[in-house]
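Results of the structural survey
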Amino acid sequence: MLVQSQNDVVRVLPALPSAWRDGSVSGLRARGDVTVDATWKDGAPDTVTVRPGRTGPIKVASPFVAGRYRVFDERGHEVGPRRDGDTLSWNARAGKAYTIQNEAAVALKTPATARPGTPFEAQVTVTATRRRSVPASDVALAVPQGWTVEPATRHLPGVAPGRSRTAAFTVTPGPADGSRRAVLSAAVTGSWQGAATAVLALEPCAPPPAGSVLVAWDPKEGGTVADTSGNGRHATVTGTAAYDATAPTGSGLTLDGDTYLTTAGTTLGLVREATFAAEVKIAGSGYRRLFDSQRSGDPGTDGVLIDVTPAGTLRFIGAGANVGLNTTLPTGRWIDLVVTLDRSGAITVYVDGERKATGQATSDGITGCTARPLRFGADQGGGQRLTGAVDRAAILARALTAGEVPNWRRLAF
């Protein structure tokens, strides 16, 4: 709401939506027979003009009144109001126009995105926007709990008309806690007051290098499957390590209901786009896990899982959504299965190189920030096991195009 009337006080621009950086309104009616015009710049009030319909005391409140301001009538004559916090009061005459003008702008500049533990610079700039200088002030920055800011305060000398001064701070975000946004607030104090805020997108953990291969498994023999991606996510065969010579490479790991692949605890990072690919033979019934790095019962905000449902369709839980994909997967034979997630959250399923289904998650990406096993063929508790077999399997930190999907093995290995 741009204008409020409460306890005989006309409140103008008490809060502005972040999308409305600049704008103006005119002719708004407030209780007490008052007409209000207002403009704002860079998300803060700039001028407020009130026209009372009757003579007598008037009270006007706006955030910038606590700072540097000037009040004058329609002829440019100065008005000497009484100030109480963010509220001005004076005796007004019916039909006259009174303008309250902001004379000091405060802006807070930060990066658009921050990462846990990675310092960045925040700048608070004070500008004398009118004909009068702005007195010296002290500037402090408020950050979320667990973050640090250096120094605690900075002193800014006075600012000449039309000029600016800037105070710089080093901000270090705290450990990742799953938050996706953070709010910083700047406070200017002294003989006048001002404030500004900034909202940052917050990466819950570091992303892997764009386009990199996150894991690449090619079961050949024995109880260990090496990760050839270079990330050290080697898999151990839990259960019997038996191999299927009918696999595309001649050495697919048999999944007999007691067997699955698992790594030690590992983090994938914040994966904004991904490709999951496997040469797999699907058998059995019920829910059957393919890829899994997700805690039980998670709605898609921590890790990712891809599995086969009791109906034989595919399910994707990750990137903030639980998505059913309307394609029935072939069983009893080797298939080439590829699932891609792009930066818009679009999910695409390919079987043997042919596009079969699509779905939609959020654009948040996969939050693989918690260290836990990455598994193929079983969930985190060791249940919901896949029977059949798996040959080569890989995860890439990008969404392959339809033209690249048939060549995923060459790209991953």
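Residues numbered from 1 in each chain as written. Predicted model: local features only at pLDDT ≥ 70, side-chain atom pairs only at ≥ 80, totals over all residues. Heavy atoms only, no water.

1. Focus on the packing of aromatic side chains
In the structure shown here, the tally under the stated rule is six aromatic pairs. Note on Phe291 and Phe376: the rings are 5.1 Å apart at their centroids and 90° apart in plane angle, and the pair reads as edge-to-face. Taken together, the residues Phe291 in strand β28 (residues 288-292) and Phe376 in strand β36 (residues 375-376) connect sequence positions 85 residues apart. Per residue, the accessibility class of Phe291 equals that of Phe376, and both read buried. A network of ring pairs unites the aromatic residues Phe276, Phe291, Phe316 and Phe376 as a single cluster. (Phe/Tyr/Trp six-rings, centres within 6.5 Å; stacked < 30°, edge-to-face > 60°. Helix = DSSP H or I, 4+ residues; strand = E, 2+ residues; numbered from the N terminus. Buried < 20%, exposed > 50% of the residue type's maximum accessible area, 1.4 Å probe, protein only.)

2. Side note on the nonpolar core
Judged by nonpolar contacts, the single largest core of 45 residues is most densely connected at Phe276, Leu290, Phe316 and Phe376. Sorting elements by how many residues they give to this core places strand β27 (residues 274-283) first, with five residues. Dropping the residues within four chain positions of it, Phe276 is found in contact with Phe291, Val304, Ile306, Phe316, Leu337, Val338, Val339, Ile366, Ala394 and Ile395. (Core = buried A, V, L, I, M, F, W, Y, C linked by side-chain atoms within 4.5 Å. Contact = heavy atoms within 4.5 Å.)

3. A look at the sheet that holds strand β13 (residues 120-128)
Taken in spatial order, the four strands make up an open sheet running β11-β13-β17-β15, and their pairing is antiparallel. Each end of this open sheet is capped by a strand with a single partner; those strands are β11 (104-109) and β15 (148-150). Taking each pair of neighbouring strands and ignoring which way they run, the sheet shows an average axis angle of 25°. (Pairing = 2+ DSSP bridges. Axes fitted to C-alpha atoms, helices over the stretch in contact; angles between N-to-C directions.)

4. Focus on the pairing of strand β37 (residues 387-396)
Where burial is concerned, most of β37 is hidden: nine out of the ten residues are buried. As judged from the four bridges shared by strand β20 (residues 213-217) and β37, these two strands associate in the antiparallel manner. Counted as the bridge partner of Val215 is Ile395 from β37. Summarising the sheet, strand β24 (residues 252-256) and β37 pair through four bridges and their orientation is antiparallel. In the sheet register, Leu253 faces β37, and the bridge partner there is Val390. With eight bridges connecting them, β27 and β37 associate as antiparallel partners. Paired with Ile282 across the strands is Gly388, a residue of β37.

5. Things to note about the side chain of Asp218
Within the secondary structure layout, Asp218 lies in the loop between β20 and β21 (224-225). Of the residues examined, Asp218 reaches a relative accessible area of 17% and is grouped as buried. Apart from the residues lying within four places of it in its own chain, the contact partners of Asp218 are Val225, Ala226, Thr249, Asp391, Arg392 and Phe413.

6. Section: the pairing of strand β17 (residues 164-172)
By the bridge criterion, eight bridges tie β13 to β17 in an arrangement that is antiparallel. Bridge assignment links Glu121 to a residue of β17, and that residue is Thr170. Judged from the three bridges that link them, β15 and β17 form a sheet pairing that is antiparallel. Counted as the bridge partner of Glu150 is Thr170 from β17.

7. Things to note about the environment of Ala107
You can see Ala107 is positioned in strand β11. With relative accessibility at 41%, the residue Ala107 sits in the partly exposed group. Contacts of Ala107, omitting those with residues within four sequence positions, involve Gln123, Val124, Thr125 and Ala196.

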